[in-house]
Amino acid sequence: MRIKPIAAAALVTATALAFAGCAANEAPASGGSGSAGGAQTLTGVGSSAQKAAQEKWVADFQTANPNITVNYSPDGSGAGRSAFIAGAANFAGSDRAFKDDEMGAGKFAGCAADSNALNLPVYISPIAVVFNIDGVKDLTLDPATLAGIFAGKITKWNDPAIAKTNPKASLPNAAITAVHRADDSGTTNNFTDTLNKTAPQVWTAAASDTFPADFGGEAATGTSGVIQAVSGGKNTIGYADESQAGDLGKASILVGGKALQPTAEAAAAILDHSQTVPGRDANDLAYALDRTSEGVYPAVLVSYAIVCQTYKDPAVGTLVKSYVGYMASAEGQQAAAQAAGAAPLSSALQAKVKTALDSVK
Amino acid sequence: MSQKLTREPEAAPGRPEPTPSPARPDPKRPGETVFRGFALGAGIAILAILAAVATFLLIQGSPALLADPAALTAKGYGPFLEWVLPYVFGTVWAAVLALAMAVPVAIGIALFISHYAPRRLAQPLGYVIDLLAAVPSVVFGLWGSLMLAPAVRPLFTWLNTNLGFIPLFSGQVSGTGRTIFTAAIVLATMVLPIITSLCREVFLQTPKLHEEAALALGATRWEMVKMSVFPFARPGIIAAVMLGLGRALGETMAVTMVLSGGRNITFQILTSENPNSIAAQIAQNFPEAFGLKTNQLIAAGLVLFLITLVVNMIARWIVARRAAYSGAN
């Protein structure tokens, strides 16, 4: 039992490497764009948040292009980024863009020597704050209170800070059980980033894949584990992908005097209110998420597809362009919304991603 | 209990006398050579497998063990010893709690089957216990997290309100019931069949002569068990407990699903914040781990390997020390 996941991971890595090798070997034979040559393989590694969406995209894309095999291993964002750097993956799925010091021409084995990487947002999902409190249906929390609850500083549901924003609710005099992810995840990273940006005095820890151990609270494995702990427990609160929240109550977050629910529109709006990271190529769409702007639901996970500006092998570039292009298209976004409950990219952003992909060689 | 009595009946009644094995294979009997080679090969294989596992853990874990603590803080989960210590504690603590609950019950069941139950009841009960051992751990995990945790929460609250002055039951009661106490109950259920089966076998081996002698001296049934069965079975019981401990230490899936595991060292067993077990920590974090983090998790696996090794060696030592005057071999 202890060996199994390791063996599985080794197998995945081995196949990923094998497929990468295949693609590199076969591509010259199959020729340039549009040629209906032999089978072609595209390898992606990365974010497990994108897993459901990627499965749908792969299925749809392969149905439309029977000659192309796409392999996406949801090994995690970090694994995806390191596989992309090592050239083992043709593209990476990542819950964060490459940081400035990670970017740079020549740093990526699969890209041409003078090529940088491009970060393209393809998957947006609101993170819901789910709760299960006796006799409470609606809950509104301001960011400082939310951070206080998850930091273990607010411990009772009838705390004045919670009562202030919920004058109508009959809050019980009961202890709060705040559930967080036991495993490393992009959801935790984006959620802790939200708390850090919106309530820096309370949430002093920086964004991190691992929930800060100092803050305590209850831990559960995976999104399903959190949902099950919250729904099975009493007077509980947790955070999870909005699409997985099911029947649980979802707390509204108070932003600039307005209580906002985690809806697809509110989530997609965050990119319209955010600026791309300055000092990068015009086609690099890495966003510095502005989680504090008015009218925007702050807890949102933005997941990227990371590709090369110029691939060493132009045939791989063509494959990436067509597959990632499908992911970011109106059709692809709709498919992801249905299959994974993602928030579709706005059409303006879809156009930006398309322009960026057109520049990929 | 006299030494003379203990020594007397060596072979269990009804068993054929073992034939003396020849010192070297007889050339006229190829079966001897084949069987000897097979047995030798099997013996070597188990050593080779163990060595291979240890080598793998050492090689894959060494980057984390040798790395600079600063590098581990930046790219891993933090300095190794400081990081792994809560998990070592959690692993051992959960297993000890589980055994504290499982061992008395297991010995009770085994005694009931071997010495108290009517024959018609004893046999089916034995089968049922063995069946429990065949339930996959993921099923125990599901049961623990979906059924048991919500069900024991009221009990936890009661313990906390009425016995909260005992440090074990103090602290803020978990709102979900997914505590180390719940995990230990699940683990206890899982190790119960192993300990019961072995104990039952050992109890049945007690020489009839001892038991009859005790009864003839006017002992009650409990006194007979105390005087003849337990002294005879003690090494067997210890071996059974250690096997159960081995399973409890390494159990992954059930703990992963049931326990709300953190990184604190505490003896409170009813709160949300419990030390995680090593195996669960690896299972939870391996899917997203890369680079030094992977090495660090494998190094934690090495620590778990060493813990189980030490536990088994202690068990061997106890059994060997006791064997001399118990008559177990």
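Computed from a prediction, not measured in an experiment: that's the story for all the values here.

A. Expanded view of the overall build of chain B. Helix and strand counts for chain B stand at 12 helices and two strands. Each helix and strand of chain B, ordered N terminal to C terminal, gives the series α-α-α-α-α-α-α-α-α-α-β-β-α-α. Nonlocal contacts in chain B, meaning residues at least 24 apart in sequence, comprise 80% of its contacts between residues at least 6 apart.

B. Looking closely at the overall build of chain A. Within chain A, the secondary structure is distributed over 11 helices and 14 strands. Burial analysis of chain A (361 residues in total) assigns 53% to the buried set. Contacts in chain A between residues far apart in sequence, at least 24 positions, make up 71% of those at least 6 positions apart.

C. Layout of the nonpolar core. Residues Leu120(A), Val307(A), Val324(A), Ala98(B), Leu187(B) and Ile195(B) are the most contacted members of the largest nonpolar core, which totals 191 residues. Considering each element in turn, this core owes the most residues, 18 residues, to helix H4 (residues 80-116) of chain B. Other than its neighbours up to four places away in sequence, Ile195(B) contacts Ala102(B), Val103(B), Ala106(B), Ala240(B), Val241(B) and Gly244(B).

D. Geometry of the environment of Leu319(A). Residue and element names in this part refer to chain A. Residue position: Leu319 is located in helix H9 (residues 314-328). For Leu319, a count of 26 C-beta atoms within 10 Å translates into the label buried. Those residues in contact with Leu319 that lie beyond four places of it in its chain are Gln40, Leu42 and Ile68.

E. Spotlight on the interface of chain B and chain A. Facing the 31 residues of chain B at the interface are 32 residues of chain A. Of all the elements in the fold, those that place two or more residues in the side of chain B that touches chain A are helix H6 (137-163), helix H10 (253-258), strand E1 (261-262) and helix H11 (278-285) of chain B. Broken down by element, the residue count for the side of chain B that touches chain A peaks at five residues, all from H11(B). Among the residues forming the side of chain B that touches chain A, the class breakdown is 11 nonpolar, 16 polar and four charged.

F. Structural context of the confidence of the model for chain A. All names here are of chain A. Predicted confidence across chain A gives a mean pLDDT of 82, with 89% of residues reaching 70 or more. Every residue in residues 1-5 scores below 50 in pLDDT, and together they form nine contacts with partners more than four places removed in sequence or on other chains. In this model, residues 7-37 is a region of pLDDT below 50 whose contacts with residues beyond four sequence positions or in other chains number 43 contacts.

G. Geometry of the packing of helix H5 (residues 119-133) of chain B against helix H7 (residues 180-204) of chain B. All names here are of chain B. For the pair H5 and H7, the least separation of the axes is 8 Å and the interaxial angle reads 140°. With respect to their mutual orientation, H5 and H7 come out oblique. Handedness of the crossing formed by H5 with H7: left-handed. Judged by residue contacts, Gly126, Ile129, Asp130, Leu132 and Ala133 of H5 engage Leu192, Pro193, Ile194, Thr196, Ser197 and Arg200 from H7. When its residues are assigned to classes, the contact of H5 with H7 shows six nonpolar, three polar and two charged.

H. How the structure looks around the pairing of strand E14 (residues 300-308) of chain A. Residue and element names in this part refer to chain A. Of all nine residues in E14, nine are buried, a share of seventy percent or more. Taking every second residue as pointing to the same face, both faces of E14 are buried, with Val300, Val302, Tyr304, Ile306 and Cys308 on one and Leu301, Ser303, Ala305 and Val307 on the other. Both strand E3 (residues 91-94) and E14 contribute to a ladder of three bridges, which runs antiparallel. The residue bridging Gly93 from the neighbouring strand is Ala305, located in E14. Both strand E4 (residues 117-132) and E14 contribute to a ladder of nine bridges, which runs antiparallel. Bridging from a neighbouring strand, Asn119 pairs with Ile306 of E14.

I. Expanded view of unusual backbone geometry. Of note, the phi angle at Asn235(A) is positive, near 55°, even though the residue is not glycine. The topology assignment puts Asn235(A) in the loop between helix H7 (222-232) and strand E8 (236-241).

J. Spatial organisation of the confidence of the model for chain B. All names here are of chain B. Residue-level pLDDT values for chain B average 86, and 89% of them are 70 or greater. Confidence over residues 1-14 falls short of pLDDT 50; this stretch has 12 contacts with residues more than four positions distant or in other chains. Confidence over residues 325-329 falls short of pLDDT 50; this stretch has 11 contacts with residues more than four positions distant or in other chains. Interface predicted TM-score (ipTM) for the complex: 0.75; the corresponding pTM is 0.78.

K. Molecular detail of H4(B). Compared with the 54 Å implied by 1.5 Å per residue over 37 residues, the 52 Å span of H4(B) between its first and last C-alpha is a close match. Residue Ala102(B) marks the point of greatest curvature in H4(B), where the axis turns by about 30°; the proline Pro104(B) follows within four residues.

L. Structural view of the pairing of strand E2 (residues 68-73) of chain A. Where strand E1 (residues 40-46) of chain A meets E2(A), six bridges bridge the pair, whose relative direction is parallel. For Gly44(A), the partnering residue across the bridge sits in E2(A) and is Tyr72(A).

M. Up close: the sheet that holds strand E10 (residues 252-255) of chain A. Residue and element names in this part refer to chain A. Reading across from one edge, E5-E10-E11 is the order of the three strands in this open sheet, with mixed pairing throughout. The open sheet has two edge strands, strand E5 (140-141) and strand E11 (258-260), and neither has a second partner. Here two bridges tie E5 to E10, and the two strands are oriented parallel to one another. Its bridge partner lying in E10, Leu141 is registered against Ile253.

The rules behind the values
Residues numbered from 1 in each chain as written. Chains lettered and ligands numbered in written order. Predicted model: local features only at pLDDT ≥ 70, side-chain atom pairs only at ≥ 80, totals over all residues. Helix = DSSP H or I, 4+ residues; strand = E, 2+ residues; numbered from the N terminus. Contact = placed C-beta atoms within 7 Å. Buried ≥ 20, exposed ≤ 12 C-beta atoms within 10 Å, placed from the backbone. Core = buried A, V, L, I, M, F, W, Y, C linked by C-beta atoms within 7 Å. Nonpolar A, V, L, I, M, F, W, Y, C, P; charged D, E, K, R; others polar. pLDDT = per-residue confidence, 0-100. Axes fitted to C-alpha atoms, helices over the stretch in contact; angles between N-to-C directions. Parallel < 35°, antiparallel > 145°, perpendicular 65-115°, else oblique. Left-handed = near helix turned anticlockwise from the far one by under 90°. Pairing = 2+ DSSP bridges. Expected span 1.5 Å × (residues − 1). Bend = angle between axes of the 7 residues up to and from the residue.

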